[in-house]
Every structure is written in C-alpha cells, then in structure tokens.
Amino acid sequence: LGRCPPRPPLAQWVPLAVSHEELSVSDIDVFRDFVCVYGRLRGTQVVLSFTVKDLRRAYEAHAAKGGVGEGIRVDAKSVPFSPAFTAVQPGVNALFTTPRVELELGSLLRPQQCHAAYHMEDDKTEFLGDAAAAMGSGAADEGDFLCYRSHATSADGVGVPVTVVHSKHISYDGETPTLLQGYGAYGECMELYSQPQYAALLARGWCLAFAHVRGGGELGRAWHRQGSGMLKEKSFDDFIAAAQHLGDGETGISVLGGSADACEPKHAPLNITGPARLAGMGTSAGALLCGVAAWAAPELFAALVFRMPFLDVYTTMTCHPELPLTLHERDEWGDPAAPAAAAYMRAWDPLQNLARLREQDPAALRAAMPRVLVRGSMHDTRAPYWNALKLAALYDEAASDAPVYAPKPRWPLLLGGGAPAEASEAFARAERLLLDMHEEEGHFGPQRLQDQLFDKAVELVFLEEACAAPR
C-alpha cells in the first residue's frame with residue numbers, strides 16, 4: 001500500500017504500513033471517511049479498517065519529519081466476525097459515502113455465503129436480508145462442531161497452519177476417519193467454503209483438515225517462495241507433517257533427507273486419526289502433495305484421491321514446451337534445462353520415484369500402497385490426461401490386483417435409490433486402484449450439475465470404503 005499525489009512518478013510514492021508487518025494484503029476498499037484492507041495475518045483472513053483522518057494525521061507527521069523513514073504507519077482495528085467463517089471477501093461496496101462496509105462471509109458449515117455489513121461508527125455487524133437465508137438453509141448446527149487452526153511441525157521445524165473441522169463429540173483415539181487436503185503452489189490460497197461432500201462427510205463423523213503448506217500464499221509471498229523452485233520439497237514435507245500431526249505425530253519425515261532427526265515437534269499431535277483412517281486429496285498441482293506422499297510416506301494414508309492431477313512434472317516440463325503453462329511453470333518448479341534444477345526436480349517427481357521404487361522393491365511398494373482414486377480429463381490442457389494414466393499404469397504394474405476402470409455410462413451408476421450391483425462390485429474389486437477418465441471434459445471437470453454431483457458421490461463412496469468401513 002502507498003499514498004501519493006495524483007499522477008506521480010514512482011519515487012513520490014510513500015509506503016503505508018497497516019498495524020502489522022506480517023499482513024499480506026489481497027484487496028482494498030476506499031471510502032470517503034475510512035479505508036478497509038483485506039488480507040491475511042499469519043494465515044488467517046482479516047479485514048482491517050482505519051479512518052481517513054487517521055491516515056491524514058500519519059501523513060502529516062511523516063511530512064513534518066521531512067519525509068524520512070520507511071514510510072507512513074497507521075493503526076487499524078479489526079472488523080469482527082465469527083471464527084466459524086473461514087472465507088471473507090469484499091461485498092458490493094459501490095457507494096463512496098457509505099458509513100458501512102459490506103462483506104461476503106463463507107463457512108465450511110454453511111452451504112450459502114452470508115451477506116453482512118459492518119458499521120464503522122457503531123462497531124457492529126449485521127446480516128443483510130432474511131436471517132435464516134443468511135445462515136443458509138441446511139447449515140450444520142455450529143454448536144455441534146469445532147472449527148479451529150492448529151499447527152504441525154515440519155521437518156525443518158517450521159510450524160505449518162492446518163485448519164481442522166470436526167464434531168465436538170469425536171474421541172481422540174486415532175480412529176476418526178479424516179480427509180486431509182492441500183494445494184501449495186503458485187502462491188494461491190485455499191479458500192475454505194462449504195461444499196456438498198464436506199457436509200456429507202461431517203454428518204458421517206469425519207474430520208476435515210486443510211494443510212496450508214509452503215508454496216501457497218496463506219502467509220504471504222515469502223511463504224510461497226519457501227515452497228517453490230529449489231525449495232519445493234518443503235511443500236511435501238509440510239503435507240506429510242500435517243498427516244503426522246493429525247495422528248500421533250511420532251514419526252518425522254523429510255522427503256529429500258535434511259534435518260528431520262534434529263527437529264523436535266513444537267506442537268502436540270491431535271491424535272484424531274491414524275493410518276487406517278486417513279485419506280489425502282489433491283487437485284491439479286495440489287495432487288503433487290499426494291503424489292509425493294504415495295512414494296515418500298505411503299504408510300500414513302489409507303487412501304489418496306487425485307483429481308485432474310499434475311504429476312509428471314519433469315517429463316511435461318522437458319518434452320512439452322507447447323503446452324500453455326509450461327513456460328510459466330518454470331518460475332514455480334524450476335527450469336529443467338538447468339542441470340541442477342533438473343536433478344532436483346527428478347528427485348521429488350512422483351512418477352519418477354514410483355517407477356524407481358517399482359523397479360527396486362516392488363514387494364515393499366505393493367505392501368505399502370494405499371488405495372487410490374485417479375480422475376482425469378481427456379481434453380485437459382493444464383494437467384494433460386497422461387498424468388492420470390501414467391499414475392494408474394504404475395499402480396497397475398506394482399499392485400497384485402487388477403485395476404478397476406469406472407464402467408460406462410458413468411452417470412446411472414449411483415442413481416435410483418442406491419448403487420446398482422455393478423457399482424458396488426466395482427468398488428469391492430478396487431483393492432488398489434479406481435481410475436475414472438472424463439472423455440469430453442477439460443481441467444475443471446464436468447459442467448453439468450448432475451455430472452458434478454455424480455463425481456462427488458463416487459468420491460464419497462470411495463472414501464467411505466477405504467477409511468470408514470469397519471476393520
């Protein structure tokens with residue numbers, strides 16, 4: 001942020017610091033009497049506000065010192081909202097003279113976004129429209145659930161934020177089925193909104209966990225840089241640390257070696273789940289987290305779900321420069337034309353390592369393999385179809401069981417008051433692998449609502465079979 005006169009040269013910009021040096025700014029709304037700043041503070045979404053009068057006084061004090069120093073600093077107050085809201089976005093704030101700011105609040109427990117307004121003078125928040133509609137029809141009873149932020153200790157001692165949601169009535173005995181998700185690439189933040197499958201899993205006693213690993217943007221640009229390029233292994237270490245943290249946390253794993261043995265955990269494990277009850281899920285570049293876990297720490301997971309996965313990183317970056325994102329990807333993963341970057345990329349590349357383990361010790365790989373659901377699209381230009389098919393082929397060759405391919409037509413399988421016999425048999429036979437390819441879709445999967453719901457239903461059945469079925 002900065003303050004400047006109209007049409008200034010860059011040298012006349014004066015940096016503006018808002019209360020916290022660790023604040024990562026994502027958006028800003030400027031009104032006649034106040035300013036709202038949206039961002040993240042230590043990984044948590046915040047909305048900060050300060051008055052134009054306070055800004056003017058801070059600017060005048062800075063000018064009185066001859067404009068020396070690092071810039072203007074203004075104290076801001078936080079706009080209050082319930083911690084149950086895990087996603088906050090600016091609302092439609094079109095009126096410049098308004099005394100309030102409108103917000104869009106999302107929650108993992110509420111199927112609809114809430115429209116709210118914060119009144120600056122009164123320091124009060126009100127829901128807009130019908131109160132029941134604001135809460136969202138079909139919302140889970142928030143009094144029965146806990147939504148909180150915990151921290152896992154990664155292999156190098158860094159604390160990794162993990163958002164956790166589960167019933168208040170779970171037993172901390174390592175037996176709660178749990179779904180762990182992450183992304184950790186491009187500096188993107190995971191926006192935590194309610195989804196149909198989340199409500200279904202919570203109703204069945206599951207725990208939902210979201211690992212905000214390095215490579216993402218939850219803790220600012222430095223957090224992204226610490227998990228990209230020649231530091232990409234940190235993303236994978238963080239995801240594995242989150243899996244350990246949700247369980248008993250007794251093992252320490254560093255994907256490519258490093259200082260795991262020298263690191264003492266800073267945060268007590270949650271003991272919510274265990275290897276027989278934990279599933280990992282990753283989409284697109286986030287599937288790399290599960291891909292590395294499949295070879296580096298398969299014993300921590302009962303199941304892994306790969307959605308439109310980008311897994312064949314080294315080969316794609318080397319052999320397919322014509323793909324729309326390949327040149328852009330070099331900033332994220334490294335340039336394979338550089339020998340050091342190429343060697344580092346191959347060292348963690350999921351398919352390279354799974355192929356190596358299959359050749360070296362297929363029996364050990366087979367014994368440790370979790371169950372896997374792989375979903376891809378034949379017309380995906382971001383994560384081309386061969387990523388999913390290569391993973392399926394590696395599992396096919398490593399596993400003693402034959403792979404199971406989702407039968408066609410896909411849509412009728414889970415309709416009509418229950419799954420037909422062929423669907424149940426398909427899941428029963430999928431001891432290791434269930435492969436499902438979209439023949440007409442792209443990177444974002446089906447566009448029709450019915451097809452989207454079918455995909456979610458398949459994932460739910462797979463997760464229940466793999467992690468929640470009686471042992």
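Reading the values: the criteria
Residues numbered from 1 in each chain as written. Predicted model: local features only at pLDDT ≥ 70, side-chain atom pairs only at ≥ 80, totals over all residues. Heavy atoms only, no water. 1 Å grid on protein atoms, 1.4 Å probe; cavity = no way out; pocket = protein on both sides within 12 Å on 5 of 7 lines; lining within 4 Å. Points joined across faces, edges and corners; volume = space filled by probe spheres on them. Helix = DSSP H or I, 4+ residues; strand = E, 2+ residues; numbered from the N terminus. Buried < 20%, exposed > 50% of the residue type's maximum accessible area, 1.4 Å probe, protein only. Pairing = 2+ DSSP bridges. Expected span 1.5 Å × (residues − 1). Arc of directions from axis to C-beta. Contact = heavy atoms within 4.5 Å. Axes fitted to C-alpha atoms, helices over the stretch in contact; angles between N-to-C directions. Parallel < 35°, antiparallel > 145°, perpendicular 65-115°, else oblique. Left-handed = near helix turned anticlockwise from the far one by under 90°. Nonpolar A, V, L, I, M, F, W, Y, C, P; charged D, E, K, R; others polar. pLDDT = per-residue confidence, 0-100. Core = buried A, V, L, I, M, F, W, Y, C linked by side-chain atoms within 4.5 Å. Phe/Tyr/Trp six-rings, centres within 6.5 Å; stacked < 30°, edge-to-face > 60°. Lys NZ or Arg CZ within 6 Å of the ring centre and 35° of its normal. Patch = residues over 30% accessible without salt bridge, like charges linked within 9 Å, V, L, I, M, F, W, Y side chains within 5 Å. Areas by Shrake-Rupley, 256 points an atom, 1.4 Å probe, with all protein chains shown as cover. Salt bridge = Lys/Arg side-chain N within 4 Å of Asp/Glu carboxyl O.

**Some words on the layout of surface pockets**
At step 1: Approximately 1100 Å³ is the volume found for the largest pocket.
At step 2: Contributions of two or more residues to the lining of the largest pocket are made by β14 (178-182), α3 (196-203), β16 (278-283), α8 (326-333) and α14 (449-468).
At step 3: It is α14 that contributes the most residues to the lining of the largest pocket, six residues altogether.

**Considering the pairing of strand β9 (residues 100-107)**
Walk down a regular strand and you will see the side chains alternate between the two sheet faces.
At step 1: When you tally the buried positions in β9, you get six out of eight residues, the bulk of the element.
At step 2: Bridge count for strand β8 (residues 85-90) against β9 is five bridges, and the pairing is antiparallel. Paired with glutamine 89 across the two strands is glutamate 104, which belongs to β9.
At step 3: With seven bridges connecting them, β9 and strand β10 (residues 110-119) associate as antiparallel partners.

**Focus: the sheet that holds strand β5 (residues 44-51)**
At step 1: Strands sit in the order β3-β4-β5-β7 across an open sheet of four strands; the sheet is antiparallel. Two strands in the sheet have a free side with no partner beyond their single neighbour: β3 (23-30) and β7 (77-78).
At step 2: Note: β5 against β7, two bridges, orientation antiparallel. Counted as the bridge partner of leucine 48 is serine 78 from β7.

**Some details on helix α1 (residues 52-64)**
At step 1: Look at α1: 18 Å from first C-alpha to last across 13 residues, which is about the 18 Å you get at 1.5 Å a residue.
At step 2: Among the residues of α1, those classed as buried are Val52, Leu55, Ala58 and His62. The buried side chains of α1 occupy one side of the element, clustering within an arc of 125 degrees when seen end-on. Residues Lys53 and Ala64 are exposed on α1 and point more than 90 degrees away from its buried face.
At step 3: Those residues of α1 that are buried are in contact with β2 (14-18), β4 (34-41), β5 and β6 (72-74).
At step 4: Downstream of α1 by a residue or two, glycine 66 has a phi angle that is positive, lying close to 80 degrees.

**What to know about the side chain of serine 49**
At step 1: With respect to the helices and strands, the residue serine 49 is situated in strand β5.
At step 2: Take serine 49: its relative accessible area is 3%, and that puts it in the buried class.

**As for the sheet that holds β10**
At step 1: Strand order in this open sheet of four strands is β8-β9-β10-β11, and the pairing throughout is antiparallel. Strand pairing shows two members of the sheet lacking a second neighbour, β8 and β11 (124-127), which therefore form its edges. In this sheet, adjacent strand axes meet at a mean angle of 35 degrees when their direction is disregarded.

**Here's the deal with the packing of α3 against α14**
At step 1: For the pair α3 and α14, interaxial distance at closest approach is 10 Å and the crossing angle is 30 degrees. The angle between the axes of α3 and α14 places the two elements in the roughly parallel class. Pair α3 / α14 crosses with right-handed handedness. Listed contacts from α14 to Gln197, Ala200 and Leu201 of α3 are Lys456, Leu460 and Leu463.
At step 2: Among the residues forming the contact of α3 with α14, the class breakdown is four nonpolar, one polar and one charged.

**A word on the confidence of the model for the chain**
At step 1: Scored by pLDDT, the chain comes out at a mean of 80, with 79% of its residues at no less than 70.
At step 2: The low-confidence segment residues 134-139, where pLDDT is below 50, has 16 contacts with residues more than four positions distant or belonging to other chains.
At step 3: Below a pLDDT of 50 lies the segment residues 258-263, which in the model reaches 11 contacts outside its immediate sequence neighbourhood of four places, other chains included.

**So, the environment of glycine 376**
At step 1: Assignment of secondary structure puts glycine 376 in strand β18 (residues 371-377).
At step 2: According to the relative accessible area criterion, glycine 376 is buried, its value standing at 3%.
At step 3: For the pair glycine 376 and histidine 443, spaced 67 residues apart in the sequence, the C-alpha separation amounts to 8.0 Å.
At step 4: In this structure, glycine 376 is in contact with Met308, Ala388, Asp436, Met437 and His438, ignoring residues within four places of it in sequence.

**Regarding the nonpolar core**
At step 1: Residues Leu180, Phe301, Phe306 and Trp333 are the most contacted members of the largest nonpolar core, which totals 61 residues.
At step 2: If one sorts the elements of this core by residue count, helix α6 (residues 287-296) sits on top with nine residues.
At step 3: If we ignore the near neighbours within four places in the chain, the residues touching phenylalanine 306 are Gly282, Ala287, Cys290, Gly291, Leu311, Val372, Leu373, Val374, Arg375 and Leu391.
At step 4: In this structure, Ala200, Ala279, Met281 and Phe462 belong to the second largest nonpolar core, which totals 28 residues.

**Overview of the packing of helix α9 (residues 339-348) against helix α10 (residues 350-360)**
At step 1: Relative orientation of the contacting elements α9 and α10 amounts to 60 degrees, with a least axis distance of 5 Å. The angle between α9 and α10 falls in the class oblique. Of the residues in α10, those touching α9 at Arg346, Ala347 and Trp348 are Pro350, Gln352 and Asn353.
At step 2: For the contact of α9 with α10, the class distribution of residues is three nonpolar, two polar and one charged.

**Some thoughts on the packing of aromatic side chains**
Any aromatic ring pair is given by two values, namely how distant the centres are and how the planes are angled relative to each other.
At step 1: Going through the model one piece at a time under the given rule, you end up with nine aromatic pairs.
At step 2: Look at phenylalanine 236 and tryptophan 348: their rings are 5.2 Å apart centre to centre, the planes differ by 50 degrees, and that puts the pair in the tilted class. Taken together, the residues span a long stretch of sequence, with phenylalanine 236 in helix α5 (residues 233-246) and tryptophan 348 in helix α9 at a distance of 112 residues. Pair check on accessibility: phenylalanine 236 and tryptophan 348 agree, each one buried.
At step 3: Connected via pairs of aromatic rings, a cluster forms that spans Tyr183, Tyr186, Phe236, Phe310, Trp333 and Trp348.
At step 4: The cationic tip of arginine 214 hangs over the ring face of tryptophan 223; the distance from NZ or CZ to the ring centre is 5.9 Å.

**As for a nonpolar patch on the surface**
At step 1: Side chains of Ile28, Val30 and Phe96 sit close together on the surface and give an oily, nonpolar patch of about 270 Å² of accessible area.
At step 2: Looking at the secondary structure, you find phenylalanine 96 in the loop between β8 and β9.
At step 3: For phenylalanine 96, a relative accessible area of 46% corresponds to the partly exposed category.

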